[in-house]
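Geometric and topological summary
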Amino acid sequence: MMAFVRMVAVVLAVPAAFGRPVMTPAISDGADPVVVPVEVPAEGVDEAASTAGPEIPEGASLDEAVAIVRAAGLGGEALETAVAGLFDEAEETGDALAHARLSVGLMLAEAGLLEGAADQFREADSAARSARFRASARSNLGHLLYRTAMESMAPKADPGGPAGGGGAPDFDGAIDTLRRSADAFRSVLDIGLKDEASN
């Protein structure tokens, strides 16, 4: 338990030390990472194909499908569309499903799609069976909510207005989001305490 508390203390100190949250990576289940070769056409990218997302081969595992989407380098709406159907027919459950949802959540967070990332972290927490995956999902959610709160407190730039002008920061919304972030971090500790009590 003490090592777990130290790890959480380090994770919580990272955002304060660098002024912004750092997403903790999805934890490995011990398997080698999935590497999927992606062919790049010599003539460039077909616009219709790039908005449709990558083609996932039939019979591909969920980890392989996630790796293909990541390798495609999509962003914005194209990324949201590509990950939307990944879990519809997934056979994986438990920690395997949680691992894939954590990976997709991190991919969405890196692309700035914070609401979708938060949803993936919540789904990963629900799917996970082991404490380490539940803790990772909740920790990532805490970091994401912290990042969201910090962004909502920043002054909004008004492209058509005078320099420094723009919308006012949303302090009330930021306070609520910071509370939810703290709750997510506290719930990581709850997992460690429950697991220690059951041993």
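In this text the structure is predicted, and so the values were computed from the model without any measurement.

Notes on the overall build of the protein
Along the backbone of the protein there are eight helices and zero strands. The proportion of buried residues among the 199 residues of the protein is 35%. At a minimum sequence separation of 6, the contacts of the protein that also span at least 24 residues come to 67%.

Here we look at the environment of Glu 115
Topologically, Glu 115 is positioned in helix H6 (residues 114-127). Counting along the chain gives 30 residues from Glu 115 to Leu 145, while the straight-line C-alpha distance between them is 9.5 Å.

So, the nonpolar core
Leu 79, Leu 86 and Val 104 are the most contacted members of the largest nonpolar core, which has 34 residues in total. Of all elements in the fold, only helix H3 (62-72), helix H4 (76-84), helix H5 (94-110), H6 and helix H7 (131-153) reach the threshold of two or more residues within this core. Per element, the largest residue contribution to this core is nine residues, and it comes from H5. What Leu 79 contacts, discounting residues up to four positions off in sequence, is Val 69, Leu 74, Met 107, Leu 108, Ala 111 and Leu 113.

Details of the packing of H3 against H5
Interhelical geometry of H3 versus H5 gives an angle of 10 degrees and a closest axis separation of 9 Å. Relative to H5, H3 is oriented roughly parallel. Seen from H3, the contacting residues are Leu 62, Asp 63, Val 66, Val 69 and Arg 70; seen from H5, they are Leu 97, His 99, Ala 100, Ser 103, Val 104, Leu 106, Met 107 and Glu 110. Split into classes, the residues belonging to the contact of H3 with H5 amount to eight nonpolar, two polar and three charged.

Considerations on the pattern of salt bridges
Inspection of the entire model under this criterion finds six salt bridges. Ionic pairing is found between Arg 122 and Asp 119, a salt bridge with its closest N-O pair at 3.5 Å. Highlighted residues: Arg 122 and Asp 119, both in helix H6, separated by three residues, approximately one helical turn. The partner of Asp 125 in a salt bridge is Arg 138, with the nearest N and O atoms 2.9 Å apart.

What to know about H5
Here H5 contains 17 residues, and its C-alpha end-to-end distance of 24 Å stays within 8% of the 24 Å for a straight helix at 1.5 Å per residue. With 14 of 17 residues buried, H5 is to be regarded as a mostly interior element.

With respect to the side chain of Arg 138
Within the secondary structure, Arg 138 is located in helix H7. There is a polar contact of 2.9 Å between the side chain of Arg 138 and the side chain of Asp 125. What Arg 138 contacts, discounting residues up to four positions off in sequence, is Asp 125, Ala 184, Ser 187, Val 188 and Ile 191.

Concerning the environment of Ala 84
You can see Ala 84 is positioned in helix H4. Along the primary structure Ala 84 and Gly 116 are separated by 32 residues, whereas in three dimensions their C-alpha atoms are 9.6 Å apart.

Here's the deal with the confidence of the model for the protein
When pLDDT is averaged across the protein, the result is 74; 65% of the residues are at 70 or more. Within the protein, H6 carries the highest mean pLDDT (94), whereas helix H1 (residues 2-18) carries the lowest (39). Segment residues 1-50 is flagged for pLDDT under 50; beyond a separation of four residues in sequence, or across chains, it makes 63 contacts in the model.

Structural notes on the packing of aromatic side chains
Here the structure, examined in full by the defined rule, presents zero aromatic pairs. The ring of Phe 87 carries Arg 101 above its face, with NZ or CZ at 3.8 Å from the centroid.

Criteria and thresholds
Residues numbered from 1 in each chain as written. Predicted model: local features only at pLDDT ≥ 70, side-chain atom pairs only at ≥ 80, totals over all residues. Heavy atoms only, no water. Helix = DSSP H or I, 4+ residues; strand = E, 2+ residues; numbered from the N terminus. Buried < 20%, exposed > 50% of the residue type's maximum accessible area, 1.4 Å probe, protein only. Contact = heavy atoms within 4.5 Å. Core = buried A, V, L, I, M, F, W, Y, C linked by side-chain atoms within 4.5 Å. Axes fitted to C-alpha atoms, helices over the stretch in contact; angles between N-to-C directions. Parallel < 35°, antiparallel > 145°, perpendicular 65-115°, else oblique. Nonpolar A, V, L, I, M, F, W, Y, C, P; charged D, E, K, R; others polar. Salt bridge = Lys/Arg side-chain N within 4 Å of Asp/Glu carboxyl O. Expected span 1.5 Å × (residues − 1). Polar contact = N/O pair within 3.5 Å; in protein donor to acceptor, adjacent residues only side chain to side chain. pLDDT = per-residue confidence, 0-100. Phe/Tyr/Trp six-rings, centres within 6.5 Å; stacked < 30°, edge-to-face > 60°. Lys NZ or Arg CZ within 6 Å of the ring centre and 35° of its normal.

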